[in-house]
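Spelled out from the first residue to the last, the chains are:
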Amino acid sequence: MNLGIAMKPAMWSDAHLRLARQLGCESVVAWVPFPEGDGVWHEEQFRALVRQAEVHGLRLEAIENFHPAHWDHVVLGEPGREEQMENLCRTIRNAGRAGIRCFGYNFSACGVQGYRTDYNSGNQDGRGLAATKSFDEAMIPTEPQCNPYFWFNTRIERRGTAGILPPCGAEEFWERFRWFLERALPAAEEAGIKLCAHPDDPPVAFLRGIYRPLHSPEGMRRLLTLVPSPSNCLEFCQGTVSTMPDADIYSLIEEFASAGRIGYVHFRNTSGRLPRYSEVFIDEGYVDMPRALRLYRKCGFDGTVIPDHTPQVSAVSPWETGMGYALGYIRGLMQSLEDEERDGRS
């Protein structure tokens, strides 16, 4: 088990990679690292990122999310999905050839809704008036309207739909998911790469009439049996899973880690579960984080743990400061577990 950090393109730089290594990271996750291009992300693009990370003593552990314009027809079950699927498989193989072990993705047609995400809007309800990302199910619109967080916003003008998509029920959406997995997983197996599905955030069953397949533990279990493959794994967002109603986060960590189905972990804490919660500091939520990390280790998980989101703190560099705090906390927990094991053997 190793410590890592995720970076979006705006944050990906030699300075931030160097900082990540200074703070104890061993690996890094690149979030949608390239523009749309020709519909395929190429091997040399991935290799350039790998080399840049290695210069700073880091391993590029995962790519997180395909470009939205690379697979909107696939997720929405539209004409044109066959060509997109061929290109997705090429992208997956190219990532594997570059030595990348995981490819995270979110098979969802909806962007995040119901969240208060503007840190400058006065949403300073965290510890010490830190700005937090909060969710309230009552804030989800019920009437059809343009979705300002529409995931496939690169295609809105081409669709002429203003971001409004037709409804989709559970079984139809699961069939779209199966269609994708039946084609993507053989390419992932060939490339030696794990396809890691992120649970739906927020974990509600429907948004704007469209089903969300991974909003529950039952959905995650169904995913892993839908198309059996050692490459069919989870991008286990502990923060999202812990907000699912009645979910026992500790037993779910044991279940999926023991089965070897976790590619990498988003290790963050929350104030509670649906219908309302906030993404709080890593050391103040309802989840016992030392217990959770101990379970990953006990159950044989040997991948990367990243802090994911953090509240925005009052600092000259809020992102760097918030991430530094979370990374230091996780690194301290990891060292404590190593001390426990050493003391147990002595």
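As the structure is a prediction and not an experimental result, all values here were calculated from the model.

Student: Explain the overall build of the protein to me, using residue names and the numbers behind them.
Tutor: Secondary structure assignment for the protein yields 11 helices and 13 strands. Expressed as a percentage of contacts within the protein between residues at least 6 apart in sequence, the contacts between residues at least 24 apart total 75%. As presented, the protein carries roughly 14500 Å² of accessible surface, and 50% of it is formed by carbon and sulfur atoms.

Student: Requested: an account of the pairing of strand β2 (residues 27-31), with residues and values cited.
Tutor: By the criterion of burial, β2 is predominantly enclosed, with 4 of the 5 residues buried. Pairing of strand β1 (residues 2-7) with β2 involves 4 bridges; the strand directions are parallel. For I5, the partnering residue across the bridge sits in β2 and is V28. Taking the sense of rotation as the criterion, the β-α-β connection linking β1, helix α1 (residues 14-22) and β2 turns out right-handed. Pairing of β2 with strand β3 (residues 59-64) involves 5 bridges; the strand directions are parallel. Paired with W31 across the two strands is E64, which belongs to β3. Taken together, β2, helix α2 (residues 43-55) and β3 form a β-α-β motif whose crossover is right-handed.

Student: Kindly report on the layout of surface pockets, identifying the contributing residues and their values.
Tutor: Roughly 200 Å³ of volume is contained in the second largest pocket. What lines the second largest pocket is a set of 15 residues, among which K194, I262, F301, D302 and G303 lie closest to the centre. If you list the elements that add at least two residues to the lining of the second largest pocket, you get α9 (249-258) and β11 (262-266). Considered class by class, the residues forming the lining of the second largest pocket number 6 nonpolar, 4 polar and 5 charged.

Student: Explain the confidence of the model for the protein to me, and be specific about the residues and the numbers.
Tutor: Of all residues in the protein, 88% attain a pLDDT of 70 or more, and the chain-wide mean is 90. This model gives residues 118-122 a pLDDT under 50, and the stretch forms 7 contacts once residues within four places in sequence are excluded. Counting interchain partners and residues more than four positions distant, the pLDDT-below-50 stretch residues 156-160 has 9 contacts.

Student: Lay out empty space enclosed by the protein with the relevant residues and their values.
Tutor: Considering all chains together, one arrives at 2 cavities of 30 Å³ or more under this definition. Of the volumes computed, that of the largest cavity is approximately 50 Å³. Lining the largest cavity, in full, are I5, M7, H16, L19, A20, L23, W319, E320, M323, G324 and L327. The set of elements that each furnish at least two residues to the lining of the largest cavity consists of β1, α1 and α11 (318-345). Sorting elements by how many residues they give to the lining of the largest cavity places α11 first, with 5 residues. A breakdown of the residues in the lining of the largest cavity according to their chemical character gives 8 nonpolar, 2 polar and 1 charged. In this structure, the second largest cavity spans a volume of roughly 40 Å³.

Student: Kindly report on the packing of α9 against helix α10 (residues 289-298), identifying the contributing residues and their values.
Tutor: Relative orientation and spacing of two packed helices are given, respectively, by the angle between their axes and the distance between those axes. Here α9 crosses α10 at 20 degrees, and the two axes come no closer than 9 Å. As far as their axial angle goes, α10 and α9 are roughly parallel. Seen along the crossing, α9 lies across α10 with a hand that is right-handed. Taking contact as the criterion, the partners of Y250, I253 and E254 in α9 are, on α10, R291, A292, L295, Y296 and K298. Split by residue class, the contact of α9 with α10 holds 5 nonpolar, no polar and 3 charged.

Student: Go over the pattern of salt bridges, please, and point to the residues and values.
Tutor: Considering all chains together, one arrives at 20 salt bridges under this definition. Here K298 and E254 are joined by a salt bridge, their closest N and O atoms 4.0 Å apart. Taken together, the residues K298 in helix α10 and E254 in helix α9 connect sequence positions 44 residues apart. Note on E254: relative accessible area 31%, which makes it partly exposed.

Student: Talk me through the environment of D246; I want residue IDs and the actual numbers.
Tutor: When you line up the elements, D246 lands in the loop between α8 (238-241) and α9. In this structure the C-alpha to C-alpha distance between D246 and P217, which are 29 residues apart in sequence, comes to 9.7 Å.

Student: Give me the lowdown on the side chain of H198, citing residues and values where you can.
Tutor: Mapped onto the elements of the fold, H198 is located in the loop between β7 (194-197) and β8 (206-207). With relative accessibility at 12%, the residue H198 sits in the buried group. Contact partners of H198, with chain neighbours within four places excluded, come to Y105, N106, L214, E235, C237, T240 and H266.

Student: Explain the packing of helix α7 (residues 217-226) against α9 to me, using residue names and the numbers behind them.
Tutor: Between α7 and α9, the least distance of the axes is 12 Å, while the angle of their chain directions is 5 degrees. Between α7 and α9, the angle falls in the class roughly parallel. Seen from α7, the contacting residues are P217, M220, R221 and L224; seen from α9, they are L252, E255 and F256. Residues belonging to the contact of α7 with α9 are distributed by class as follows: 5 nonpolar, no polar and 2 charged.

Cut-offs applied
Residues numbered from 1 in each chain as written. Predicted model: local features only at pLDDT ≥ 70, side-chain atom pairs only at ≥ 80, totals over all residues. Heavy atoms only, no water. Helix = DSSP H or I, 4+ residues; strand = E, 2+ residues; numbered from the N terminus. Contact = heavy atoms within 4.5 Å. Areas by Shrake-Rupley, 256 points an atom, 1.4 Å probe, with all protein chains shown as cover. Buried < 20%, exposed > 50% of the residue type's maximum accessible area, 1.4 Å probe, protein only. Pairing = 2+ DSSP bridges. Right-handed = clockwise from strand over helix to strand, strands pointing away. 1 Å grid on protein atoms, 1.4 Å probe; cavity = no way out; pocket = protein on both sides within 12 Å on 5 of 7 lines; lining within 4 Å. Points joined across faces, edges and corners; volume = space filled by probe spheres on them. Nonpolar A, V, L, I, M, F, W, Y, C, P; charged D, E, K, R; others polar. pLDDT = per-residue confidence, 0-100. Axes fitted to C-alpha atoms, helices over the stretch in contact; angles between N-to-C directions. Parallel < 35°, antiparallel > 145°, perpendicular 65-115°, else oblique. Left-handed = near helix turned anticlockwise from the far one by under 90°. Salt bridge = Lys/Arg side-chain N within 4 Å of Asp/Glu carboxyl O.

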